[in-house]
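# Architecture at a glance
Listed below are the residues making up each chain.
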Amino acid sequence: MAEKNKLSLISMSGDFDKVIAVFTLASGAAAVGYEVNIFFTFWGLNSIKKETGRRFLGSGLMARFFNFLLGGRKNLPLSRLNFGGLSPILMTGMMRGKNVATLEELFDASKALGVNFYACEMAMHVLGLTKEDFIPEVKDVLGVASFLDLSKGGQVLFI
Amino acid sequence: MSTLNLDITKERCPMTFVKVKLALEKLEAGDILEVLLTEGEPLQNVPKTAADQGYLILETTLVKDSIYKVVIQK
């Protein structure tokens, strides 16, 4: 068999629609035999928090407020026409109605197919978060140099 | 040797081949997976991506209208 294909995604946005794109590509690529790495940074970190709702996480007053306002995977806003958080709920309903996988299904499939999750050390530092604030599937905390190293020789996408 | 059935006729990309891959992972070598799928993207890609990963496509048959059965051996 030829050398394994590889896809590395940089998940920067915490927007519901863009996070769906991240996990659609990740689960799809993993299902066709790709090695898949996702490097979560800044708002992307919201989708791998253990707490899926709004919680005062992190160290420092500002960081705790930021993390409360940002919330977790169940609070992600739509990038357009969010309507105070109503749109992601409506969109999930529309997706279910049309038999399109929801964010949670894509997220679970990505985990089940062994997609590698990594968290950005610098963004975690800014937001006062530690590895314990994330789901146990997060393999490691990395910086740019390590990400470049593990994505070398494959395709890289920034979302 | 066991046979598992999987209906992905109502699924959309990427869950079509995601569900096939998850089902294949559960099987032992030599087991059979019978997949019901629709023509178009699933019919083009499910057998191809399974074959690319070293699984054996035993048959592809038209069941009715635009529904096909693809038999894959692990």
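Overview of the structure. In this text, all values refer to a predicted model and were calculated from it rather than measured experimentally.

Let us look at the overall build of chain A. If you tally the helices and strands in chain A, you get six helices and five strands. The order of helices and strands in chain A, counted from the N terminus, is β-α-β-α-α-α-β-α-β-α-β. The C-alpha radius of gyration of chain A comes to 16 Å, within 12% of the 15 Å expected for a compact globule of 159 residues. Counting only C-alpha atoms, chain A reaches 50 × 40 × 25 Å along its principal axes. For chain A, contacts bridging at least 24 residues in sequence account for 67% of all contacts bridging at least 6.

Frequently, the measure chosen for interface size is the accessible area removed from exposure when the parts meet. Taken residue by residue, the interface counts 13 residues in chain A and 14 residues in chain B. Of all the secondary-structure elements, those providing two or more residues to the side of chain A that touches chain B are α1 (16-31) and α4 (103-112) of chain A. With four residues, α1(A) is the largest single contributor of residues to the side of chain A that touches chain B. Of the residues contributing to the side of chain A that touches chain B, the split by class is eight nonpolar, five polar and no charged.

With that out of the way, let us pick up the packing of helix α1 (residues 15-26) of chain B against helix α2 (residues 41-52) of chain B. All names here are of chain B. Contact geometry of α1 with α2 gives a least axis separation of 10 Å together with a crossing angle of 35 degrees. As α1 runs across α2, the sense of the crossing is right-handed. Contacts between α1 and α2 involve T16, F17 and V20 from the former and P42, N45, V46, T49 and A50 from the latter. Here the contact of α1 with α2 is built from residues that sort into five nonpolar, three polar and no charged.

As a further point, take the sheet that holds strand β4 (residues 138-142) of chain A. Residues and elements named next belong to chain A. With respect to topology, five strands assemble into an open sheet ordered β4-β3-β2-β1-β5, the strand pairing being parallel. Edge positions in the sheet fall to β4 and β5 (155-158), since each of these pairs with one other strand and no more. On average, each strand axis in the sheet is inclined to that of its neighbour by 20 degrees, with strand direction left out of account. Pairing analysis gives six bridges linking strand β1 (residues 6-11) to strand β2 (residues 35-40), with the strands arranged parallel. Considered in β2, the bridge of I10 is made with F39. Here helix α6 (residues 144-151) sits on the sheet and contacts β1, β2, β3 (116-120), β4 and β5; the angle it forms with β2, its principal contact strand, is near 165 degrees.

Next up on the list: the nonpolar core. One finds A26(A), I38(A), F40(A) and A119(A) to be the most contacted residues of the largest nonpolar core, which totals 54 residues. The greatest single-element share of this core, amounting to ten residues, is contributed by α1(A).

All names here are of chain A. Position of G53 among the secondary structure elements: in the loop between β2 and α2 (61-70). Between the C-alpha atoms of G53 and N37, which are 16 residues apart in sequence, the distance is 25 Å. Excluding anything up to four places from it in sequence, G53 contacts G71, G72, K74 and N75.

Cut-offs used in this document
- Residues numbered from 1 in each chain as written.
- Chains lettered and ligands numbered in written order.
- Predicted model: local features only at pLDDT ≥ 70, side-chain atom pairs only at ≥ 80, totals over all residues.
- Helix = DSSP H or I, 4+ residues; strand = E, 2+ residues; numbered from the N terminus.
- Rg over C-alpha atoms; globule rule 2.2 N^0.38 Å.
- Contact = placed C-beta atoms within 7 Å.
- Nonpolar A, V, L, I, M, F, W, Y, C, P; charged D, E, K, R; others polar.
- Axes fitted to C-alpha atoms, helices over the stretch in contact; angles between N-to-C directions.
- Left-handed = near helix turned anticlockwise from the far one by under 90°.
- Pairing = 2+ DSSP bridges.
- Core = buried A, V, L, I, M, F, W, Y, C linked by C-beta atoms within 7 Å.
- Buried ≥ 20, exposed ≤ 12 C-beta atoms within 10 Å, placed from the backbone.

From the geometry alone we can't say anything about function, so treat these as descriptive.
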